[in-house]
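Each chain, written out:
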Amino acid sequence: KKPDPCSIVIFGVTGDLAHRLVVPSLYNLAANDLLPDNFCIVGIARKAMSNEELTDSLTKGLHQFATRKVDDALARRLLACVTCIEADPKDPASFDAMREQLDRLEAARKTGGNRLFYLATPPDAFLPISKELGRTGMLTENGAWRRLVVEKPFGTDLASAEALNSELLKLVDEHQIYRIDHYLGKETVQNILVLRFANGMFEPIWNRNHIDHIQITVDEKLGVGHRGSFYDATGALRDMVPNHLFQLLSLVAMEPPAKFNAHAVRSEKAEVLAAIQTQSEEEALRNSVRGQYRAGKVGDTEIDDYRKTENVNPGSTTETYAALKLTIDNWRWAGVPFYLRTGKALGIKRTEIAIKFKQAPFAMFRDTPVERLSQNFLIISTEPTEGIALQFNTKVPGPAIDIDGVEMKFRYKDYFQAEPSTGYETLIYDCMIGDNILFQRADGVEAGWQAVQPFLDAWKKAGGKGLKVYEPGSEGPEEASELLERDGRNWRKLT
Ligand code: BG6
């Protein structure tokens, strides 16, 4: 289905996000004939730039970041409509002028006034821009739709996220806001709901009676690189947990929604996040590990000591690794721990949810040492392989009953030849057709911050005390293993 005629108005059009993800995604949509027939791209820059200059810059970006071979004719057709408008929220008159320019442009392009305002800007610009859009009436839906797309980070703690939501909701309705979490653009992440709710065999065992615990791992090989000033003020917890890891957690732990629509799905996701037990600061310290990497190597790549990274405070106590133990206070999950970990400069890029089922009673196979028996894990992974695997025990061929662990694997690439993509195509397309299902709702964002707030507070108070160091290329600080060992458990080893 083609979206309604519309324009996409990109704030921060000269920046990395617009060049690296937004325009290459629009190109992929155009290549699949999924853009509206009447469509235009408007770039908003704080400093004047000609249409030609902006088009050239976006074309260069497209060639650099495209996920498929660029067809020059198609790229020209797509970018022929690029218009650059100069506007700065510090200069209200520029927004009044922008409004007129947009009206004229859209009349010529016959887009019907439908507009997607994409804020590809640093987060401190979200509100000033939205206020100006509100003041000039550009967010009012008067026959035509008006939508606002914002990127993470959405707030830096519970209070700031609540404040941002409440300010934005004075300007627009919730249905007009599209809060992007790029993890929801990943096929395997979207597939979690299909796995759980389009198959009859998983749901009956998807609860505390059969599941021992759940592990969510998002390990990265890259260090902080050039993002020092952003990262040092943010840290691994804020950067990854309330957003990406909680998207994974909520999809795996939510109750079945009554319908597959944005309202029902997002309500269940918010509900399960709100059921994460709020820990006291002492509990938060006991149930978490934070680490910071030192100098070393990941494979052949040299990694600097985190504290020597450009724009990082040399005495920084910001964590580049975080591991947490959480519990969910509801009937399905009472007593089932959720262990989460994420970090930079680790040995392997790995994103997975590992669901550990309770062990069978061993009575019949008493002679097999417990360590020989495979642990029953169902693994949903996006890195290093996109797919699903099931670990179970099997009989080794031969006269004796000898048991060993094996793995049954489904890999996406064995079944489906997906076109390489940026991961943003579905998200941008959904913004255009008005489907909010893959976007975060205000209550979900706030429930996420609520659950991590005790960790933020406890770590802030503790400062450098309790911050562990780890070697690049490792699995993170050793204390993260102890977090599970003290419960008689282990992180899943890669097989
Ligand atoms: C971003 C974080 O949101 O997600 C980065 O700011 C992180 O620090 C990235 O590297 C991870 O995304 P992915 O898709 O590579 O797992």
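This report concerns the structure included in the present document. Predicted model only: the values in this text are computed from it and were never measured.

1. Let's talk about the layout of surface pockets
So, step 1. Here the second largest pocket defines a volume of roughly 370 Å³.
So, step 2. Surrounding the second largest pocket, 15 residues form its lining, Gln-375, Phe-377, Trp-491, Arg-492 and Lys-493 being those nearest its centre.
So, step 3. Broken down by secondary-structure element, the contributors of at least two residues to the lining of the second largest pocket are β16 (402-411) and α15 (479-485).
So, step 4. Considering each element in turn, the lining of the second largest pocket owes the most residues, three residues, to β16.
So, step 5. Residues that form the lining of the second largest pocket fall into these classes: three nonpolar, seven polar and five charged.

2. Thoughts on the nonpolar core
Generally speaking, nonpolar side chains in soluble globular proteins are found buried as a group.
So, step 1. Membership of the largest hydrophobic core comes to 145 residues, with the highest contact counts inside it found for Leu-26, Met-98, Tyr-118 and Phe-338.
So, step 2. Ranked by the residues each element gives to this core, the list is headed by helix α9 (residues 235-253), at eleven residues.
So, step 3. The residues contacting Leu-26, other than those within four sequence positions of it, are Ile-8, Leu-35, Phe-39, Ile-41, Leu-78, Ile-428 and Met-432.

3. Some remarks on the site of the ligand
So, step 1. What surrounds the ligand is the set Lys-152, His-182, Tyr-183, Lys-186, Glu-220, Arg-227, Asp-239, Met-240, His-244, Lys-344 and Lys-349.
So, step 2. Here Lys-186 contributes a side-chain N or O atom positioned 2.6 Å from an oxygen atom of the ligand.
So, step 3. Note that an oxygen atom of the ligand is positioned 2.6 Å from one of the side-chain N or O atoms of Asp-239.
So, step 4. Protein chains shield 79% of the accessible area of the ligand, which is 390 Å² for the free molecule.
So, step 5. Among the residues forming the shell around the ligand, the class breakdown is two nonpolar, two polar and seven charged.

4. So, the state of the cysteines
So, step 1. For the structure shown, the criterion picks out zero disulfides.
So, step 2. For Cys-81, which is in no disulfide, the shortest distance to another cysteine sulfur is to Cys-40 and amounts to 5.8 Å.

5. Here we look at the pattern of salt bridges
So, step 1. By the definition in use, this model includes 29 salt bridges.
So, step 2. The shortest N-O distance in the salt bridge between Arg-115 and Asp-103 comes to 3.0 Å. Linking Arg-115 in strand β4 (residues 115-119) with Asp-103 in helix α4 (residues 92-109), this pair joins segments that are twelve residues apart in sequence.
So, step 3. Among the ionic pairs, Arg-307 bridges to Asp-305, the shortest N-O distance being 3.0 Å.
So, step 4. Here Arg-307 falls in the partly exposed class, since its relative accessible area comes to 30%.
So, step 5. Through salt bridges that share partners, Arg-99, Asp-103, Glu-106 and Arg-115 make up one connected network.

Scoring rules and cut-offs
- Residues numbered from 1 in each chain as written.
- Predicted model: local features only at pLDDT ≥ 70, side-chain atom pairs only at ≥ 80, totals over all residues.
- Heavy atoms only, no water.
- 1 Å grid on protein atoms, 1.4 Å probe; cavity = no way out; pocket = protein on both sides within 12 Å on 5 of 7 lines; lining within 4 Å.
- Points joined across faces, edges and corners; volume = space filled by probe spheres on them.
- Helix = DSSP H or I, 4+ residues; strand = E, 2+ residues; numbered from the N terminus.
- Nonpolar A, V, L, I, M, F, W, Y, C, P; charged D, E, K, R; others polar.
- Core = buried A, V, L, I, M, F, W, Y, C linked by side-chain atoms within 4.5 Å.
- Buried < 20%, exposed > 50% of the residue type's maximum accessible area, 1.4 Å probe, protein only.
- Contact = heavy atoms within 4.5 Å.
- Near = heavy atom within 4 Å.
- Polar contact = N/O pair within 3.5 Å; in protein donor to acceptor, adjacent residues only side chain to side chain.
- Areas by Shrake-Rupley, 256 points an atom, 1.4 Å probe, with all protein chains shown as cover.
- Disulfide = S-S within 2.5 Å.
- Salt bridge = Lys/Arg side-chain N within 4 Å of Asp/Glu carboxyl O.

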